Amino acid sequence: MPEPFEPLEPLEPLEPPKASSDIAVTGTATLEGGPRGRPWLRRPLPGLRLRAAGRPAPGGGPAPGARGLWSDAWHDLRRNPVFVVSALVILFLVTIAVWPQLIADGNPYQGNLAKAQDGPAPGHPFGFDLQGRDVYTRTVYGARASITVGICATAGAALLGSVLGGLAGFFGGWWDGLLSRIADVFFGIPILLGGLVFLSVVTSGSVWPVVGFIVLLGWPQISRIARGAVVTVKQQDYVLAARTLGAGNGRMLLRHIAPNAVAPVIVVATIALGTYIALEATLSFLGVGLKPPTVSWGIDISSASTQIRNAPHMLLWPAAALSITVLAFIMLGDAVRDALDPKLR
C-alpha cells in the first residue's frame, strides 16, 4: 500500500489589518509537507501593498499618481520652455509697470529741446524724442498704462462674459436666446470703428474709458466660450447624479460646473490680454485712446511715425516693447491652452 501523506502543518494566522486604508503583507509564506516530509509547496509571496483608490496616503498627502486637472496642467507648464520664458518676461513687465523707478530714475515728462531727436548718448541709451525727453524712461513708464489697460479690460470682460454666458448655458430657454441675440449685436460692431465712435466723444485721456470700451465689446466672445463649456459640463454624469441627489442650482453651479468649465475661459482670456494691449496702442496711435500727458507706447509711436526717417530710434524702442509684450502674453496663452486641453497633449 502507498504510504499515506503526512498532514500539513497549520499556518500561523496573519494579524488583522490596522484601521487604515493600507494593508501591507511582507515576508515569505511557505507550505511544507508531502510524502516523507519533503517540501510539497514552497512559494514566496512578494511584498504586497494595497491602497483604496482615491484615499490619501499616510501623512495626509494625495495618493501617488492621482493628479487633478490643475495639478496636471501645472506639472506640464513647469516643463514647457515657452511658458517659462513668457512668464518671466511678463513678470518683468509687471514689475517695471508697478515700480518703474527700479530701472529708470529719470522723469518721463521732462525734456530738453536742445537735444530733440538726438541719438543715444551716455546715460540715455535710447536717445531723445521730439521734445527732448528720454526715450528709455518713457518706454519704461509706458508699460504701466498698457499693462493696466490689458489686465483690467481682460478681468472685466472675463468676469462679465463668464457670468452671463454661464447662466445662459445653465438655464437655457428664453434667457439663452436673449443673450445670444445681444451678443450677436455686439459681434456685428467692428472694434476699431466702435472705438473711433465711442472714444471720440470722451474727453478724458485716462485708462478707464479705454478699459470700459474694451469690456463693452470684449465680453461677447468670452460669454460664448463660457456658454459652450457650461452646456458641455452640465451633461456629464456627475452633474446629473448631483441633480438626482437633490443638489440645488447654486451648489451645482459653484461646486460642480464652474470649476470644470473655467479652463476654456482662462485660455481665451490669457490670449485676449495681449490683443487688448495691442488694441489700446492702436487706439492711442489713432488719437482716440490714451491722450497726453499719459505715457503710453501708442502715443510715442504716433508722435515718432512722422520722423521715422530722421530719427528711427524714437519709433523703434516703444514699438519693440509693445511687440515683446503682446508676443509674451500670446505665447503664455498658447502654453496654457496646451496644458489644459487633453486633446492637444
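Since we're looking at a predicted model, the values are computed, not measured.

Asker: Can you lay out the pattern of salt bridges for me, pointing to particular residues and giving the numbers?
Answerer: In the structure shown here, the tally under the stated rule is 7 salt bridges. Here arginine 133 makes a salt bridge to aspartate 129, at a shortest N to O gap of 2.9 Å. We classify arginine 133 as buried; its relative accessible area is 15%. In this structure, aspartate 184 engages arginine 181 in a salt bridge whose closest nitrogen and oxygen atoms are separated by 3.0 Å. One end of the pair is aspartate 184 and the other is arginine 181, both in helix α4 (residues 173–187) and 3 residues apart, which spans about a single turn. Here the residues in one salt-bridge network are Arg181, Asp184 and Arg224, joined through shared partners.

Asker: Give a description of the packing of helix α2 (residues 81–98) against helix α3 (residues 135–171) that names residues and reports values.
Answerer: For the pair α2 and α3, interaxial distance at closest approach is 8 Å and the crossing angle is 100 degrees. Taken together, α2 and α3 sit at an angle that is classed as roughly perpendicular. Contacts from Leu93, Val94, Ile96, Ala97 and Val98 of α2 reach α3 at Val140, Ala143, Arg144 and Ile147. Broken down by class, the residue content of the contact of α2 with α3 amounts to 8 nonpolar, no polar and 1 charged.

Asker: A description of the packing of α2 against helix α10 (residues 313–340) should follow, citing residues and the corresponding values.
Answerer: Viewed as axis vectors pointing N to C, α2 and α10 meet at an angle of 135 degrees, and their least axial separation amounts to 8 Å. Comparing their axes, α10 and α2 come out oblique. Considering only the axes of α2 and α10, their crossing is left-handed. Note on element contacts: α10 touches α2 through Ile324, Thr325, Ala328, Phe329, Met331, Leu332 and Ala335, opposite Val82, Phe83, Ser86, Val89, Ile90 and Leu93. Of the residues assigned to the contact of α2 with α10, the class counts are 11 nonpolar, 2 polar and no charged.

Asker: Go over helix α5 (residues 191–199), please, and point to the residues and values.
Answerer: Within α5, the full set of buried residues consists of Gly194, Gly195 and Leu199. With its buried residues spanning 100 degrees around the axis, α5 presents them on a single face.

Asker: How would you summarise the nonpolar core if you had to cite specific residues and measurements?
Answerer: Judged by nonpolar contacts, the single largest core of 34 residues is most densely connected at Ala143, Ile277, Leu322 and Leu340. Every element with two or more residues in this core is listed here: α1 (69–77), α2, α3, α8 (249–285), α9 (297–304) and α10. In terms of residue count, the dominant contributor to this core is α10 (12 residues). Leave out the neighbours within four places in its chain, and alanine 143 touches Ile96, Ala97 and Trp297. In this structure, Ala158, Leu199, Val211 and Ile214 belong to the second largest nonpolar core, which totals 25 residues.

Asker: Tell me what's going on with the environment of glycine 123, and back it up with residues and numbers.
Answerer: Relative to the assigned elements, glycine 123 resides in the loop between α2 and α3. Given a relative accessible area of 66%, glycine 123 falls into the exposed group. On a C-alpha basis, the gap between glycine 123 and tyrosine 136 in space is 9.6 Å, while along the polypeptide they are 13 residues apart.

Asker: Summarise the packing of aromatic side chains; cite the residues concerned and give the values.
Answerer: Taken as a whole and assessed by the stated rule, the structure comprises 7 aromatic pairs. Between tryptophan 74 and phenylalanine 83, the aromatic rings sit 6.2 Å apart at their centres with planes inclined by 90 degrees, giving edge-to-face as the arrangement. On the accessibility criterion, phenylalanine 83 (14% relative accessible area) is buried. Relative to phenylalanine 213, the ring of phenylalanine 198 lies with its centre 5.8 Å away and its plane at 25 degrees, an arrangement referred to as stacked. Here the residue phenylalanine 198 occupies a position in helix α5, and phenylalanine 213 occupies one in helix α6 (residues 207–233), the gap between them amounting to 15 residues.

Asker: Requested: an account of the environment of valine 239, with residues and values cited.
Answerer: Position of valine 239 relative to the elements: it lies in helix α7 (residues 237–244). A C-alpha to C-alpha distance of 6.5 Å links valine 239 and histidine 256, two positions 17 residues apart in sequence. In this structure, valine 239 is in contact with Val233, Lys234, Met252, His256 and Ile257, ignoring residues within four places of it in sequence.

Asker: Describe the side chain of arginine 138, with residues and values.
Answerer: Along the chain, arginine 138 turns up in helix α3. Reaching out from arginine 138, the side chain makes a polar contact with the backbone oxygen of proline 108 at a distance of 2.8 Å.

Asker: A description of the side chain of serine 86 should follow, citing residues and the corresponding values.
Answerer: The topology assignment puts serine 86 in helix α2. A distance of 2.8 Å separates a polar atom in the side chain of serine 86 from the backbone oxygen of valine 82. Once you skip the residues sitting within four places of it in the chain, serine 86 turns out to touch Ala328, Met331 and Leu332.

Cut-off values and rules
Residues numbered from 1 in each chain as written. Predicted model: local features only at pLDDT ≥ 70, side-chain atom pairs only at ≥ 80, totals over all residues. Heavy atoms only, no water. Salt bridge = Lys/Arg side-chain N within 4 Å of Asp/Glu carboxyl O. Buried < 20%, exposed > 50% of the residue type's maximum accessible area, 1.4 Å probe, protein only. Helix = DSSP H or I, 4+ residues; strand = E, 2+ residues; numbered from the N terminus. Axes fitted to C-alpha atoms, helices over the stretch in contact; angles between N-to-C directions. Parallel < 35°, antiparallel > 145°, perpendicular 65-115°, else oblique. Contact = heavy atoms within 4.5 Å. Nonpolar A, V, L, I, M, F, W, Y, C, P; charged D, E, K, R; others polar. Left-handed = near helix turned anticlockwise from the far one by under 90°. Arc of directions from axis to C-beta. Core = buried A, V, L, I, M, F, W, Y, C linked by side-chain atoms within 4.5 Å. Phe/Tyr/Trp six-rings, centres within 6.5 Å; stacked < 30°, edge-to-face > 60°. Polar contact = N/O pair within 3.5 Å; in protein donor to acceptor, adjacent residues only side chain to side chain.

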